[in-house]
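Results of the structural survey
Listed here are the chains, written in short residue letters.
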Amino acid sequence: MLPALVGENLPRLTRAIKLLVGDTRPDAAVVLADELSGITAMVAEKFTNNRTSEGIQKAVNLTVGGVSLGLEKELTLDSDEQALDYLVDNGAEAAFQVGFRLLRELAALPEDTLVGEYDQDPVYAQRRLRDIFFDLCLIDPNQNWDGPARYQQQLKQRQEVQAVVRLANWLRRHNSEGPVTDTDLNAEGVIALAIIFAVEGGGRIVARTGQKEFERFVKAVRKNKPDYEEGWAALVAAVPAQHHPVLLHRIDLYRRTCTVLQHIPGRTAMKTLFAELENYAGSELEADYD
């Protein structure tokens, strides 16, 4: 069996530079080389080590990745010729700044739905940016590169996480017992509580609770046997439309899989139910019993 053919997909900057051989614009190669040297020196000073050969080589590779990522963002066509035109007309610095801005915006998005005080720390934020820069842009100029595709994948994932965090923050601000202002946030836990408690009806929004309130809730649901769907409809009506995709997805998930809601109508012990609730709400539960 013949080996599968792998298409060449070099970084866009490498592909554009190869076209300089036939380019007739005066000093285009010299100017581009000078600009790339300047970017590499800056990257080495801030991100690698400008005093070692290894640091300089990493800076070169990061520069190629950063410029290439910016070019992929700016190009209107999948064209190496257009990439070279952009570099000549606008400069490699402009392309690098576009690429680095994409990385900075990506690093600012939450990576998961557990958000802590450290996520706002400037030192930690700078470390996240550096890690993403190395992950996506540390490339061999002469090797295939899938940085743009991986960037889009990470962007999609983080935007989905951000949507979950934004819904949880809205629920916290509109908690019926008063806004929840803790720095640490378990976004999935907040949403779980809101969906579980919504089945009681009445339009209350519960983003934080404790064992005493949960016991009251279970007793009320067992006594009144509310229509879960009516409670969820009231919750959806209270939440702004931009949060509906996440909320409706989670409601459908809990409708099918939430053991707390499945076991409330039966004779499951309160202690067991609360232990199951902890699996969903985690740190969003208050310790209100001694």
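Overview of the structure. Here the structure is a predicted model, which is why all the values come from computation and not from measurement. (Residues numbered from 1 in each chain as written. Predicted model: local features only at pLDDT ≥ 70, side-chain atom pairs only at ≥ 80, totals over all residues. Heavy atoms only, no water.)

What follows is about helix α9 (residues 211-224). Taking 1.5 Å of rise per residue, the 14 residues of α9 would be expected to cover 20 Å, and the 20 Å separating its terminal C-alpha atoms lies within 8% of that figure. For α9, every residue scored as buried is listed here: Phe214, Glu215, Phe217, Val218, Ala220 and Val221. Where α9 is buried, its residues meet α8 (187-198), β3 (209-210), α10 (228-238), α12 (259-263) and α13 (270-281). Downstream of α9 by a residue or two, lysine 225 has a phi angle that is positive, lying close to 50°. (Helix = DSSP H or I, 4+ residues; strand = E, 2+ residues; numbered from the N terminus. Expected span 1.5 Å × (residues − 1). Buried < 20%, exposed > 50% of the residue type's maximum accessible area, 1.4 Å probe, protein only. Contact = heavy atoms within 4.5 Å.)

To continue, consider the environment of glutamate 105. As for its placement among the helices and strands, glutamate 105 is situated in helix α5 (residues 92-108). The spatial distance from the C-alpha of glutamate 105 to the C-alpha of leucine 155 is 9.2 Å, given a sequence separation of 50 residues.

As a further point, take unusual backbone geometry. Backbone geometry places aspartate 27, a non-glycine residue, at a positive phi of 65°. Residue position: aspartate 27 is located in the loop between α1 (12-18) and α2 (28-47). One non-glycine residue, lysine 225, lies in the positive phi region at around 50°. Mapped onto the elements of the fold, lysine 225 is located in the loop between α9 and α10.

Counted by the stated rule, this structure contains 23 salt bridges. A salt bridge links aspartate 80 to arginine 12; the shortest N-O distance between them is 2.6 Å. In this pair, aspartate 80 is assigned in helix α4 (residues 80-90) and arginine 12 in helix α1, connecting sequence segments 68 residues apart. Take arginine 12: its relative accessible area is 3%, and that puts it in the buried class. (Salt bridge = Lys/Arg side-chain N within 4 Å of Asp/Glu carboxyl O.)

This part takes up empty space enclosed by the protein. Tallied over the full model, the rule gives one cavity of 30 Å³ or more. When its volume is computed, the largest cavity comes out at roughly 40 Å³. Along its surface, the largest cavity is lined by Ala198, Gly201, Gly202, Gly203, Arg204, Ile205, Gly231, Ala234 and Leu235. When residues in the lining of the largest cavity are grouped by element, the largest group, three residues, is from α10. Grouping the amino acids of the lining of the largest cavity by side-chain chemistry returns four nonpolar, four polar and one charged. (1 Å grid on protein atoms, 1.4 Å probe; cavity = no way out; pocket = protein on both sides within 12 Å on 5 of 7 lines; lining within 4 Å. Points joined across faces, edges and corners; volume = space filled by probe spheres on them. Nonpolar A, V, L, I, M, F, W, Y, C, P; charged D, E, K, R; others polar.)

The quantities given are spatial measurements derived from coordinates; they are silent on function.
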